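Structural overview
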Amino acid sequence: MLIFLLRRLAAGAVLVVAISFVAFSLMYAGGADIARSILGPEATQAQVQMKAAELGLDQPLLVQYGAWFGRMITGDFGRSWFTAESVTDAVVSRLGVTLSIVVVSLVAVAVISVVLGVVAAIRRGWVDKVVQVVSVVGVALPNFWVALVLVVALAISIPLFPATGFVQPRESISGWMLSITLPVIAITIGGIAGAAQQIRGSVLDVARQDFVRTLRSRGLPERRVIVRHILRNSLGPAMTVLSLQFIAMIGGSVTIEKVFAIPGMGMLALNATLRGDIPIVMAVVMTMAIVVVVVNLIIDLVNGWASPKVRVQ
């Protein structure tokens, strides 16, 4: 298991480095153009060259990347080009906001999709058909449209939840729960629909195996067969689906945070992209990449614990 963990850690580290190099190359390829966009069209060529030299944009790309990477691994992402704010502080202050929404959404997707998938696969009949229809409809609904409908229905027409804003948990637990309810629902509807269908298929495949029929023929209680044998052997595909849902939630947080005016990583990345604040964009990209790699590592460890075949592979 230790070798399995070390291999996954090494693969995750290589992936983070690769993402950092590709993102840096795309962002910093045009040094003079970047300096010009910061200073504006009225700046002289001399001013543009001075600004490029100040930011190190006149150096070869590999030199720039090496200097940036050395600072990045110490947690120093520099300062915003437009507000002079510490990029690290800007990211840290908003990371908790996004993760609080995404983690709650992931837990909701995991619990509800597993229940729906198992019930649909075991009970079959009309229950299975209802779950499949709901899954297809849920996947087809764009999360931004769902968010807008929720705002109109449950924040404006019936003011049960706030339409915008975010309350920190340390300020008010109840206020925090109310502020994330609509965003979580908007994110989870599509996630539950997609995950429930995949988990249903995985449970069906395992339930048809010979060892399951043997266990039932020996008189084992049905609940024990489902929980300890069918569900555990279905855990690998289910965890893979949930890891993909987590990545999709991270990406979808940009739209959701914009709709609900939530000051999270999505809003930070969107605003920084619109004004060309590359240090902030790079910090957001790397932070999200590291979060995704860590989550996938946890998924791999759970799969390795549940299935020896995964460790061998």
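Check the entry above for the structure.
Note that the structure is a prediction, hence the values are computed from the model and not measured. (Residues numbered from 1 in each chain as written. Predicted model: local features only at pLDDT ≥ 70, side-chain atom pairs only at ≥ 80, totals over all residues. Heavy atoms only, no water.)

Quick notes on the packing of aromatic side chains
The geometry of an aromatic ring pair is captured by two quantities: the separation of the ring centres and the angle between the planes. Counted under the stated rule, the structure contains five aromatic pairs. Their ring planes at 70 degrees and their centres at 5.6 Å tell us that Phe24 and Tyr65 sit as a pair that is edge-to-face. Of this pair, Phe24 sits in helix α1 (residues 2–28) while Tyr65 sits in helix α4 (residues 61–72), and the two are 41 residues apart along the sequence. Across the pair, exposure class does not vary: Phe24 and Tyr65 are buried alike. Joined through ring pairs, the aromatic side chains of Phe21, Phe24, Tyr65, Trp68 and Phe69 make up one cluster. (Phe/Tyr/Trp six-rings, centres within 6.5 Å; stacked < 30°, edge-to-face > 60°. Helix = DSSP H or I, 4+ residues; strand = E, 2+ residues; numbered from the N terminus. Buried < 20%, exposed > 50% of the residue type's maximum accessible area, 1.4 Å probe, protein only.)

Concerning the environment of Ala10
Structurally, Ala10 can be placed in helix α1. You can call Ala10 partly exposed: its relative accessible area is 41%. Sequence spacing of Ala10 and Val48 is 38 residues, and the spatial spacing of their C-alpha atoms is 41 Å.

Regarding the nonpolar core
Within the largest apolar cluster, 63 residues are counted, with the highest numbers of intra-cluster contacts made by Trp68, Phe260 and Met282. In terms of residue count, the dominant contributor to this core is helix α13 (residues 278–306) (13 residues). Setting aside anything within four residues of it in sequence, one finds Met282 in contact with Ser20, Ala23, Phe24, Met27, Tyr28 and Trp68. Listed in part, the 14 residues of the second largest apolar core include Ala121, Val206, Leu220 and Val225. (Core = buried A, V, L, I, M, F, W, Y, C linked by side-chain atoms within 4.5 Å. Contact = heavy atoms within 4.5 Å.)

A look at a positive patch on the surface
Together, Arg218, Arg224, Arg228 and Arg232 line one region of the surface with positive charge. You can see Arg228 is positioned in helix α10 (residues 222–233). On the basis of relative accessible area, Arg228 is assigned to the exposed category, the value being 53%. (Patch = residues over 30% accessible without salt bridge, like charges linked within 9 Å, V, L, I, M, F, W, Y side chains within 5 Å. Areas by Shrake-Rupley, 256 points an atom, 1.4 Å probe, with all protein chains shown as cover. Salt bridge = Lys/Arg side-chain N within 4 Å of Asp/Glu carboxyl O. Lys, Arg positive; Asp, Glu negative; His and termini not counted. Charge placed at Lys NZ, Arg CZ, Asp CG, Glu CD.)

Some remarks on helix α5 (residues 87–123)
Every α-helix carries 3.6 residues per turn, so stepping three or four residues along brings you back to the same face. Taking 1.5 Å as the rise per residue, α5 with 37 residues should run 54 Å; its terminal C-alpha atoms sit 52 Å apart, in good agreement. The principal kink in α5, of about 30 degrees, is found at Arg94. Trailing α5 by a residue or two, Arg124 shows a phi angle of about 55 degrees, which is positive. (Expected span 1.5 Å × (residues − 1). Bend = angle between axes of the 7 residues up to and from the residue.)

Topic: the pattern of salt bridges
Using the criterion set out here, one finds two salt bridges in the structure. Close ionic contact of Arg213 with Asp210 constitutes a salt bridge, the shortest N to O distance being 2.2 Å. Residue Arg213 and its partner Asp210 are located together in helix α9 (residues 210–217), separated by three residues, close to a single helical turn.

Examining the packing of α9 against α10
Between α9 and α10, the shortest axis-to-axis distance is 10 Å and the interhelical angle comes to 165 degrees. The angle between α9 and α10 places the two elements in the roughly antiparallel class. Note on packing geometry: the crossing formed by α9 with α10 is right-handed. Facing Phe211, Val212, Leu215 and Arg216 of α9, the residues of α10 in contact are Glu222, Val225, His229, Ile230 and Asn233. (Axes fitted to C-alpha atoms, helices over the stretch in contact; angles between N-to-C directions. Parallel < 35°, antiparallel > 145°, perpendicular 65-115°, else oblique. Left-handed = near helix turned anticlockwise from the far one by under 90°.)

Details of the side chain of Gln245
You can see Gln245 is positioned in helix α11 (residues 235–260). The exposure class assigned to Gln245 is buried, which follows from its relative accessible area of 15%.

Some points on a nonpolar patch on the surface
On the surface, Val133, Val137, Leu141, Phe144, Trp145, Leu148, Val149 and Ile189 cluster together to form a nonpolar patch covering roughly 670 Å² of accessible area. Contributions of two or more residues to the nonpolar patch are made by α6 (125–140) and α7 (143–157). Counting residues per element, the nonpolar patch draws most heavily on α7, which supplies four residues. Assignment of secondary structure puts Leu141 in the loop between α6 and α7.

Some words on unusual backbone geometry
Look at Ala84: it is not a glycine, yet its phi comes out positive at around 60 degrees. Its place among the elements puts Ala84 in the loop between α4 and α5. One non-glycine residue, Ala261, lies in the positive phi region at around 50 degrees.

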